[in-house]
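# Tertiary structure, described
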Amino acid sequence: MKIALLGYGKMGKTIEQIAINRGHEIVLKIDKDNTDYDITLADVAIDFSIPNVAFNNISNCLNNGVPVISGTTGWLDNFDNAVALCNEKKGAFIYASNFSLGVNIFFEMNKYLAKMMSNLKQYNVSMEEIHHTQKLDAPSGTAISLANDIISNNNNFSDWKLDENGENIIPITAKRIEDVPGTHTITYASEVDTITIDHVAHNRQGFALGAVIAAEWIIGKTGVFTMNDVLNIG
Ligand SMILES: NC(=O)C1=CN([C@@H]2O[C@H](COP(=O)(O)OP(=O)(O)OC[C@H]3O[C@@H](n4cnc5c(N)ncnc54)[C@H](O)[C@@H]3O)[C@@H](O)[C@H]2O)C=CC1
Ligand SMILES: O=C(O)C1=N[C@H](C(=O)O)C[C@H](O)C1
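As a starting point, this report considers the structure included with it. The model shown is predicted, which means the values in this text are computed figures rather than measured ones. (Residues numbered from 1 in each chain as written. Chains lettered and ligands numbered in written order. Predicted model: local features only at pLDDT ≥ 70, side-chain atom pairs only at ≥ 80, totals over all residues.)

## Comments concerning the sheet that holds strand β1 (residues 2-6)
Put simply, the rule is: Two strands pair if DSSP finds at least two bridges between them. Comment: elements are numbered from the N terminus, with helices defined as DSSP H or I runs of at least four residues and strands as E runs of at least two. The axes are straight lines fitted to the C-alpha atoms, using for helices just the contacting stretch, and the angles between their N-to-C directions are given from 0 to 180°. Two residues form a contact once the distance between their C-beta atoms, set from the backbone, is within 7 Å.
Reading across the sheet, the six strands line up as β2-β1-β3-β4-β5-β11 and stay open at both edges, with parallel pairing between neighbours. The open sheet is flanked by β2 (25-30) and β11 (223-225), the only strands paired with a single partner. Taking the axes of each pair of neighbouring strands and ignoring which way they run, one obtains an average angle of 20° across the sheet. Looking at chain direction, strand β5 (residues 92-95) and β11 are connected through three bridges and run parallel. Each residue of the ladder has a partner; that of isoleucine 94, found in β11, is phenylalanine 225. Sitting on the sheet, helix α2 (residues 51-63) is in contact with β1, β3 (44-47), β4 (68-70) and β5, with an inclination near 165° to β4.

Put into structure tokens, the structure is as follows:
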């Protein structure tokens, strides 16, 4: 499979190693100083870039009939436009805030726990995410997915806020510590006890492998998909 890497930073480089080990060819490595390229050279594109260019990168792929996997976070104001363009062009597109198998299992645990806690109003939920100091967005895309899944599965919470408490609000704290690949913790606290679940990434390999598996999976398909479609969990 011929892969275009849109974004050749920490994730782009990790994806390159994994893709080559799985027998793929990297035909384009696009970064901020190299944005004039022919995307049709690739069978599939994998976008791990920055929030304010992700939608352009994705649109370019869809306009040229190239399936696209995007892991970039912080651009979701334009997500509905990307879905509409994909449908209009009969293209293929997957966005996931987190491509790792472990986090996708954690997503399911979070939904299950949120459902169980729905009738237990004595518990307040909160979330903490910790990432490296170069991260541009806060809260993380993964934290937003987790919070939205709690809201969809628990009647006690209707919104999330960064660093803000309030009735029916899920407060999210974002910490930035050097070299942390990604840690997410969800806490339900009552007066008598605390329940905590967490996911700790040890490196970026899990995110990158998941993105390459998604790229292999999407070839020949049409539509907007999620990692649940790829991994067949949930
Ligand atoms: N969904 C997931 O599983 C994961 C998502 N991410 C997200 O992926 C994104 C990238 O993460 P990292 O690689 O750690 O960041 P990074 O900062 O190391 O790499 C981003 C790269 O994009 C480049 N870039 C800037 N303008 C560009 C353009 N017009 N076209 C293409 N590339 C351009 C930058 O020069 C930089 O090299 C972030 O949004 C991050 O939150 C990161 C890890 C896992
Ligand atoms: O920027 C990162 O590094 C990560 N970003 C994603 C997010 O915002 O959730 C996924 C992972 O946690 C690493």
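## Things to note about the site of ligand 2
Applicable threshold: Each residue gets a C-beta atom placed from its backbone. Should that atom fall within 6 Å of a molecule or strand, the residue is termed near it. Each residue gets one of three labels, nonpolar for Ala, Val, Leu, Ile, Met, Phe, Trp, Tyr, Cys and Pro, charged for Asp, Glu, Lys and Arg, and polar for the others, Gly among them. For each domain, the first and last residues come from an automatic or database assignment.
Taken together, Thr73, Ser97, Asn98, His131, Lys135, Ser140, Gly141, Thr142 and Gly182 make up the full set of residues adjacent to ligand 2. Taken together, the residues of the shell around ligand 2 sort by class into no nonpolar, eight polar and one charged. Taken domain by domain, the makeup of the shell around ligand 2 includes at least three residues from each of domain 1 (2-99 + 205-231) and domain 2 (101-200).

## Structural notes on the nonpolar core
Applied cut-off: For our purposes the nonpolar core covers buried Ala, Val, Leu, Ile, Met, Phe, Trp, Tyr and Cys residues that link as a set through C-beta atoms within 7 Å. Partly exposed residues are those whose C-beta has more than 12 but fewer than 20 other C-beta atoms within 10 Å; 20 or more makes a residue buried and 12 or fewer makes it exposed, with C-beta atoms placed from the backbone.
Ile46, Ala211 and Ala214 are the most contacted members of the largest nonpolar core, which has 41 residues in total. When residues in this core are grouped by element, the largest group, eight residues, is from helix α6 (residues 205-218). Not counting chain neighbours up to four residues away, the residues in contact with alanine 214 comprise Ile69, Ile94, Phe99, Met227 and Val230. One finds Met117, Ala143, Ile144 and Tyr188 within the second-largest nonpolar core, a separate group that totals 17 residues.

## A short note on the pairing of β2
Applicable threshold: For a crossover, the right-handed case is the one in which the path from the first strand over the helix to the second runs clockwise, viewed with the strands pointing away from the viewer.
Where β1 meets β2, five bridges bridge the pair, whose relative direction is parallel. Paired with isoleucine 3 across the strands is isoleucine 26, a residue of β2. In this fold, β1 hands off to helix α1 (residues 10-21), which returns the chain to β2; that crossover is right-handed.

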